[in-house]
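# Descriptive analysis of the structure
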Amino acid sequence: MTVTNLLVANRGEIARRVFATCRRMGIGTVAVYSDADAAAPHVAEADAAIRLPGNTPAETYLRGDLIIEAALAAGADAIHPGYGFLSENADFARRVIDAGLVWVGPPVAAIEQMGSKVESKKLMDAAGVPVLAELDPAEVTEDMLPVLIKASAGGGGRGMRVVRALADLPGQLEAARREAESAFGDPTVFCERYLETGRHIEVQVMADSHGRVWAVGERECSIQRRHQKVVEEAPSPLVERVDSARASGPVEAAERNHAGPAPAPHGQSMRDRLFEAARLAAEAIGYEGAGTVEFLADEQGEFYFLEMNTRLQVEHPVTECTTGLDLVRLQLQVAQGYRLPQQPPPMRGHSIEVRLYAEDPAQDWQPQSGTVHRIEFDSDTAEFTVLSETGLRLDSGVVDGSVVGVFYDPMLAKVISFADTREEAAHLLATALQRARIHGLVTNRDLLVRVLRHPAFLAGDTDTAFFATHGLENFSAPLVSEADESLSIVAAALADAADNRARARVGGALPSGWRNLPSQPQTKSYESRVSGVHEVRYRITRSGLEVEGHDGLELLEATPNVVVLGVPGARGTVRRRFDVARYGDLVAVDSPLGPVTVRRLPRFSDPADQVAEGSLLAPMPGAVIRLGAEVGSTVEKGQPILWLEAMKMEHTIAAPTAGVLTELNVVAGQQVDVGAVLAVVQADAAAPAE
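It should be emphasised that the depicted structure is a prediction, and the values quoted were computed from it without experimental measurement.

This part takes up the overall build of the chain. Looking only at helices and strands, the chain features 18 helices and 40 strands. For the chain, the C-alpha radius of gyration of 27 Å lies close to 26 Å, the compact-globule estimate for 690 residues. Seen through its C-alpha atoms, the chain measures out along the principal axes to roughly 90 × 65 × 60 Å. Looking at the 690 residues of the chain, the share that counts as buried comes to 53%. Considering only residue pairs separated by 6 or more positions, the chain has 63% of its internal contacts joining residues 24 or more positions apart. Taking the average place of the 65 positive charges on the side chains of the chain and the average place of its 94 negative ones, the gap between the two points comes to 6 Å.

Working note: regular strand, side chains alternate between the two faces of the sheet. Across the nine residues that make up strand S23 (residues 411-419), a large majority, nine, are buried. For strand S15 (residues 350-357) and S23, the ladder comprises eight bridges, and the chain directions are antiparallel. If you follow His 350 over to S23, its bridge partner there is Ala 419. Relative to S23, strand S21 (residues 391-396) runs antiparallel, the two being bridged by six bridges. When the bridges of S23 are listed, Asp 395 appears paired with Lys 414.

Time to look at the sheet that holds strand S1 (residues 5-8). With parallel pairing, the five strands of this open sheet are ordered in space as S3-S2-S1-S4-S5. Looking at which strands have only one partner, the edges of the open sheet turn out to be strand S3 (48-51) and strand S5 (102-103). As defined by bridge partners, S1 adjoins strand S4 (residues 78-80) across three bridges and the pair is classed as parallel. Looking at the pairing, Leu 7 lines up with Ile 79 of S4. Most of the contacts of helix H3 (residues 64-74) go to S1, to which it runs at about 155 degrees, and overall it touches S1, strand S2 (28-33), S3 and S4.

In this structure the tally under the stated criterion is 46 salt bridges. Among the ionic pairs, Glu 307 bridges to Lys 150, the shortest N-O distance being 3.8 Å. With Glu 307 in strand S14 (residues 303-309) and Lys 150 in strand S7 (residues 147-151), this pair connects stretches of sequence that are 157 residues apart. Lys 150 matches Glu 307 in its accessibility class, with the two residues each being buried.

Along the polypeptide, Glu 527 turns up in strand S25 (residues 522-528). Separated by 447 residues in the primary sequence, Glu 527 and His 80 place their C-alpha atoms 46 Å from one another. Residue contacts for Glu 527: discarding those within four places in its chain leaves Gly 532, Val 533, Val 598, Arg 599 and Leu 601.

What counts, and at which threshold
- Residues numbered from 1 in each chain as written.
- Predicted model: local features only at pLDDT ≥ 70, side-chain atom pairs only at ≥ 80, totals over all residues.
- Heavy atoms only, no water.
- Helix = DSSP H or I, 4+ residues; strand = E, 2+ residues; numbered from the N terminus.
- Rg over C-alpha atoms; globule rule 2.2 N^0.38 Å.
- Buried < 20%, exposed > 50% of the residue type's maximum accessible area, 1.4 Å probe, protein only.
- Contact = heavy atoms within 4.5 Å.
- Lys, Arg positive; Asp, Glu negative; His and termini not counted.
- Charge placed at Lys NZ, Arg CZ, Asp CG, Glu CD.
- Pairing = 2+ DSSP bridges.
- Axes fitted to C-alpha atoms, helices over the stretch in contact; angles between N-to-C directions.
- Salt bridge = Lys/Arg side-chain N within 4 Å of Asp/Glu carboxyl O.

From the geometry alone we can't say anything about function, so treat these as descriptive.
Listed below in structure tokens is the structure:
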């Protein structure tokens, strides 16, 4: 059957990515959207859009019946599931086919066989694919620790917990089941041995309905947070290192790289063995379409099957860039009976992808919600395009003015680089991220740049414990130094002054702070999320700009949006340009020194805005799912007071200090807004000072 009109059973960046290929192929597009996504870009870009009433995934994107009805109502002849939500739901795939629609995905039987991570491991073991043994949670003993709890039906880090103490297992099992039920509609979980420092390697497979299976290339996704990938690349540095050592022999390899592993004791290269295992996995279940076989590897090149994702992966762009293939195009072609060529194209160059999230790594990765006022990368950045030469690609579900809500994953964009070498790809991507204009929400941008520039990353020494090994606090620190941040805040003050003069009805042409006689400096105050309150005290005199604490600054230009300063240096004055944007009291300053965002403080504070010391504020809108303490109880620092559910994850709200819980302003099941005072802990006077 020929596909002429395709519905994407997904949202955001996923839907936009599929739509981009559809436009290139001349295929019509249909979007579905929740009430929360009514103004989302994927809705505006589709040829037709159907509303799914409600906000939560359970009400909308997990309602297969509503999605199929939408496809039929819009005249679609095929459904692409994207990744996440129903993409690995065999019952949904079956109902799509029963409705007479083309299912752009693998056979129902293949989804069923891989849908249970417990049963899929048994199947892979029988097929000759190396596996880690599955553990029954009820039979886990002390000597088996640590173990990893995993959701049988899902992925993306949902329903996953590391347990290192047997006493914690029951509570973590229950939390994992709740999270799995919320994200995938299936609370089934299992355990497996947890390898603290493994390498996460996966192989992209593509298979047609004529029996041909491609192993398209491998990716490494070892840098993770909360068991969710943050940085992905192709090819894998580990595979490159192991195979290079094998080709050189133990003596030459040791001389070239003393930290590298010894050659693997196999006749085949690690890449060949990975590809063979991935093809065995696909062939064992009669696979068709795009899929990914995931493995956990060690430094010597041994690997174990983790799971097979019977769908396209979030990180598929790095494979596209290193092969030249449009994987979505191949998915659509295979669904229409296309026969794959004998061999996939060879890999070329290196590609790195980072996931830009609205989250605060310094605050236990707290997700953020609110308005993305601006998201802008270099003008040469391509969108949803397979790169054929050195450059940048952006796959994003948000645009200027988009609102990040609490119902879905807070990923803003995937930013991808492609270059001849890994070093060039890393440098290109780090520079693009640092210079991007991302205004409105706290993001993990600074962390991503620091990862890409870290010596261990550049050496290819990455594993799943990367942040724990090198210290998360080092990566979550701001890119700008304290001195450069202070200089950017001076620029913000001068731009604000220029904005005030531009909007003044009287005396707007006079110099800022003009007086006949010497007077007190003008003062503007700003608050930085990282470094606290900054007070800028300055005067513009006949001899030029005077800023307390910044001797020798020259004001070369000041408009509401651009400030140019002459900054004194050891070898003379350096000209610095600062671009300033304001959104209410939020001020964003961009320069080559790095991004700075501050909040303008009012001259006089309202007492009604003050909160009691020890107050626990809601870091995001969400629902209180349970309470961990009662009013009047004594609590320790870090003790959970309550749990919030937001963005498909559970978030612990803990006591900031040891003391007594004097207020608890919420009950289980209550919805709360960001900034709401949830509880108050009165500090224990006997507790040691921080």
